Amino acid sequence: MPEVPEVLPRGAVVGPFSGPRAAWGEHLERAAERYGTAVNWELYDDRGEAGTARRIAEAIVAEGRHALVVGHFNSAGAAAALPVYRAAGLPVLLPLATTPGLLADGAGTLLRWCPDDRAQATDLLAAVREAGHGRVAVTHDGSAYGERLALLVREGAAVARPALPSGAVVSDGSGPATGGVPVPAALAGAAPPEVLEVLEAVDGPGGRDVTALVVCGTHVGAARVGRERREAGFEGAFWFTDDCAVDEFAELLGPSAGPASVARMRGGPEAHVDAAFAAATAALSEDPGRTGRTLLAAVRAHADRGFTALGEPEAGSVGWDFVPVPVPAPEAVRPPARHRPHGRAYDAIVVGAGVVGAATASVLARHGARVALVAPMDGRQDHATAWSGGLVRSFEADPYLRGLALRSHQLAWGPAALAPGPYGFMATGSLVLCGDADLEQAEKGVVELNGAGVPAELLDPGVLGARFPGLSVDGVTAAVWEPGAGYADPPRTARVYRDRALAHGARLLPARVRALDAPPGADRVRVLLEPGGPVEARAVVLAAGGGTGEIAGHRLSGADAGRTKSIRYGFFQHPATAGLPTVVDMVSGVWGRPQLTGEAAGGYMAGRPVDEWDVPPGGLATLTDEHVAYIRQGAAARWPWLADPATRFLGGRQGVDLYTPHSRPHLGREHADSRIVLATGWSGAGFKTAPAAAELAAAEALDVLGGG
């Protein structure tokens, strides 16, 4: 038996976890939770939108971390995404996508677990005829999905079907049907007619004699059509297509719907989702290293049904039931709206997937909140985390920031110092060089750090110069020395927190946030996405860094957020850098650290403040000759070896951070009654304080949720 891996294999689950189709995403959510002990199922919210589905597929393939994909529910989204997966050889299981022909170009990388819509159309017409209807009209809700399905139903009417097809049944709705059962009394009529006449619309020629109306479309749109037809006087029976086979459909349709039936995958959609997850989990548990076609062959072997060579379910293994639409519960006995099961609104949306946003989502998900982490996933690295130098220490001259840094040490950096750990932490020791104006806080800080269990001491210039000969001490009054401090890998740290959030059930929602709509007294915040429509949450954490001011609808919109500022640093190699620790110079503003791993290993990072403001978020992994000369010229006063022509430039980076006028972050609710929590404006201090900042931001959001 293979050994249990230290890291579980990953599977991507893509579906509509918000938006109007979210009731279907709940099937995927429940299965991911049931089968989450052996596989890390990471949830991506495509909101039922084809363009979003394609972007998610591209992001999943680019990350290259997932063994397979389960989803997409929406067939249009599946059609858009499947070519991306196919080109990468990534297996895809389709438990609910019903469009005919989806697997035609699958190249052996797909398995469909459900019947398709052509069979639905044929079986639906046979069931309508068996119920005694001789004249039926077909309509749709105006959606592309509904229009396509209505066309399949009309095409199916051209084929004479004297009886129910083999394997198709009419169910009484009491449970999964395993064979033919009597037609329910509510649907029974005269003996099945010789011919079933299908009309274009109930209000067309001959429409007065129509006894059944087939309504095709999404469950929201079909419910609207049903209500409108009843109000217009139609008294016959409704037959709704399978998107309506969700619990909330009866409530949307209303209590005056009259006789109505709905197509449902045999055994219910949840059974097909569960079967796909069960087979995938069994295959990956047996051998976590399986990939591609080898993995798909193992999934086939563990499946509860057979598949054709193309990946379609074998004939007779799946089919369609037709069940009555239940009468919705009276309003008096329904639970309050906020306690009803739903998938449209999140408990919390975290805007920004840098280290602060990802860590906040992790805390919220760990506390059981239904969380979405919103980030573009377009390959651009606009957040400051991507370009941070990753300096980690507990001393800050500002007492508030020092408190955050000390708490972050307790949450993350202290334990991480024992080894590289999950964050890629490297202990180099840290010096904060202080002038006369900083000495009081330096003395207080050393006492606080030692009292909190963080070793620290105050060094005078003589000791400092003797211990670190590659460092000039001109203008330095004293230095705070933390031997256990150093630096970590910022992008890796953000990924770790994101993975923790996903492991606790958070969803990734790929989009940019355009605006927040939070009317006073409302119990939801509408988050306007680009691209895509709005999504709702009971609380929003705004951790968008330099992009904060570009998002409308909150207190910091526009210039009130602060000002963005460029940050640049280079990596240099010179013998005099040997033994130099991480340095932050409060006298001149320069900073630096050794680079122990990676492409610039053996070099020393040196940065100098740049007086460039109001720049767009983003970053680059290059510096111009002018940038390098600027760093050398200004930082040589602290590191004289930078002026040596023999010093080699190894590479550099430039990024953007959001600076506030008071150099303290915006952290907390934007005002006392707001559902918007701010966690932005770090003025260059965000990385090392992120674990504590996330803890506080999440606590504020949970307080919002606790208030209803």
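See the structure above.
The rules behind each value
Residues numbered from 1 in each chain as written. Predicted model: local features only at pLDDT ≥ 70, side-chain atom pairs only at ≥ 80, totals over all residues. Heavy atoms only, no water. Axes fitted to C-alpha atoms, helices over the stretch in contact; angles between N-to-C directions. Helix = DSSP H or I, 4+ residues; strand = E, 2+ residues; numbered from the N terminus. Left-handed = near helix turned anticlockwise from the far one by under 90°. Contact = heavy atoms within 4.5 Å. Nonpolar A, V, L, I, M, F, W, Y, C, P; charged D, E, K, R; others polar. Phe/Tyr/Trp six-rings, centres within 6.5 Å; stacked < 30°, edge-to-face > 60°. Core = buried A, V, L, I, M, F, W, Y, C linked by side-chain atoms within 4.5 Å. Buried < 20%, exposed > 50% of the residue type's maximum accessible area, 1.4 Å probe, protein only. Pairing = 2+ DSSP bridges. Right-handed = clockwise from strand over helix to strand, strands pointing away. Lys, Arg positive; Asp, Glu negative; His and termini not counted. Salt bridge = Lys/Arg side-chain N within 4 Å of Asp/Glu carboxyl O. Parallel < 35°, antiparallel > 145°, perpendicular 65-115°, else oblique.

J.: For this particular structure, what's the right way to read the packing of helix α1 (residues 22-34) against helix α8 (residues 269-286)?
T.: Each pair of packed helices can be summarised by the angle the axes make with each other and by the distance between the axes. Where α1 meets α8, the axes come as close as 9 Å, and the angle between the chain directions of the two elements is 40 degrees. Regarding α1 and α8, the two cross each other, and that crossing is right-handed. For the pair α1 and α8, contact is made by Trp24, His27, Leu28, Arg30, Ala31, Ala32 and Arg34 and by Pro269, Glu270, Val273, Asp274 and Phe277, respectively. Residue composition of the contact of α1 with α8, grouped by class: seven nonpolar, one polar and four charged.

J.: Looking at this structure, how should I read the packing of aromatic side chains?
T.: A ring pair, where both rings are aromatic, is described by two values, the distance of the centres and the angle of the planes. The final tally for this structure, using the stated rule, is 18 aromatic pairs. The interplanar angle of 55 degrees and the centroid separation of 5.6 Å between the aromatic rings of phenylalanine 572 and phenylalanine 649 together place this pair among those described as tilted. Residue phenylalanine 572 is found in strand β24 (residues 563-573), and its partner phenylalanine 649 is found in strand β28 (residues 648-659); the two are separated by 77 residues along the sequence. Pairwise contacts between aromatic rings join Phe234, Phe238, Phe240 and Phe249 into one cluster.

J.: Help me understand the nonpolar core in this model?
T.: Soluble globular proteins tend to pack their nonpolar side chains together in the buried interior. Ranked by size, the top nonpolar core spans 98 residues in total, and within it Trp113, Trp239, Phe240 and Ile349 carry the most contacts. It is α8 that provides the largest number of residues to this core, a total of eight residues. Among the nonpolar cores identified, the runner-up in size contains 64 residues, and Ala348, Val392, Leu502 and Leu508 belong to it.

J.: Just to check I follow, could you spell out the pairing of strand β8 (residues 212-216) for this structure?
T.: Look at any regular strand and the pattern is simple: side chains alternate between the two faces of the sheet. Burial analysis of β8 places five of its five residues in the buried class, the great majority of the element. Sheet topology places strand β6 (residues 135-140) next to β8; five bridges connect them, and they run parallel. Residue pairing in the sheet places threonine 139 in a bridge with valine 215 of β8. As defined by bridge partners, β8 adjoins strand β9 (residues 237-240) across four bridges and the pair is classed as parallel. Residue valine 215 lies in a different strand from β9, and its bridge partner there is phenylalanine 240. Handedness of the crossover joining β8 and β9 through helix α6 (residues 219-231) is recorded here as right-handed.

J.: What exactly am I supposed to notice about unusual backbone geometry here?
T.: Phi is mostly negative for residues that are not glycine, and the peptide bonds are mostly trans. A cis amide bond links glycine 71 to the next residue, histidine 72, at an omega of -5 degrees. Mapped onto the secondary structure, histidine 72 falls in the loop between β3 (68-70) and α3 (75-88). With an omega of 0 degrees, the peptide bond running from glutamate 530 to proline 531 counts as cis. On the secondary structure map, proline 531 appears in the loop between β22 (525-530) and β23 (535-542). With a phi close to 55 degrees, arginine 47 is a non-glycine residue in the positive phi region. Its location among the elements puts arginine 47 in the loop between β2 (40-45) and α2 (50-63).

J.: How should I be thinking about the sheet that holds strand β14 (residues 391-392) in this particular structure?
T.: Whether parallel or antiparallel, the strands of a sheet pair through hydrogen bonds between backbone atoms. Spatial ordering of the open sheet is given by β14-β19-β15, a layout of three strands whose pairing is antiparallel. Edge positions in the sheet fall to β14 and β15 (426-427), since each of these pairs with one other strand and no more. Examined bridge by bridge, β14 and strand β19 (residues 486-487) share two bridges and lie antiparallel to one another. Note on β19: the bridge partner recorded for valine 392 is glycine 486.

J.: Got a minute to help me understand the side chain of aspartate 141 in this structure?
T.: Position of aspartate 141 among the secondary structure elements: in the loop between β6 and α5 (144-157). An unpaired buried charge is present at aspartate 141: no salt bridge exists, and arginine 224, the closest side chain of opposite charge, is 5.1 Å distant. Setting aside anything within four residues of it in sequence, one finds aspartate 141 in contact with Gly146, Cys216, Gly217, Thr218, Gly221, Ala222, Arg224 and Val225.

J.: Help me understand the packing of α2 against α3, please; the structure alone is not making it clear to me.
T.: Closest axis-to-axis distance for the α2/α3 pair is 7 Å, and the angle between their directions is 20 degrees. The pairing of α2 with α3 is recorded here as roughly parallel in orientation. Crossing geometry of α2 relative to α3 is assigned as right-handed. Note on element contacts: α3 touches α2 through Ala76, Gly77, Ala80, Ala81, Pro83, Val84, Tyr85 and Ala88, opposite Ala50, Ala53, Arg54, Ala57, Glu58, Ile60 and Val61.

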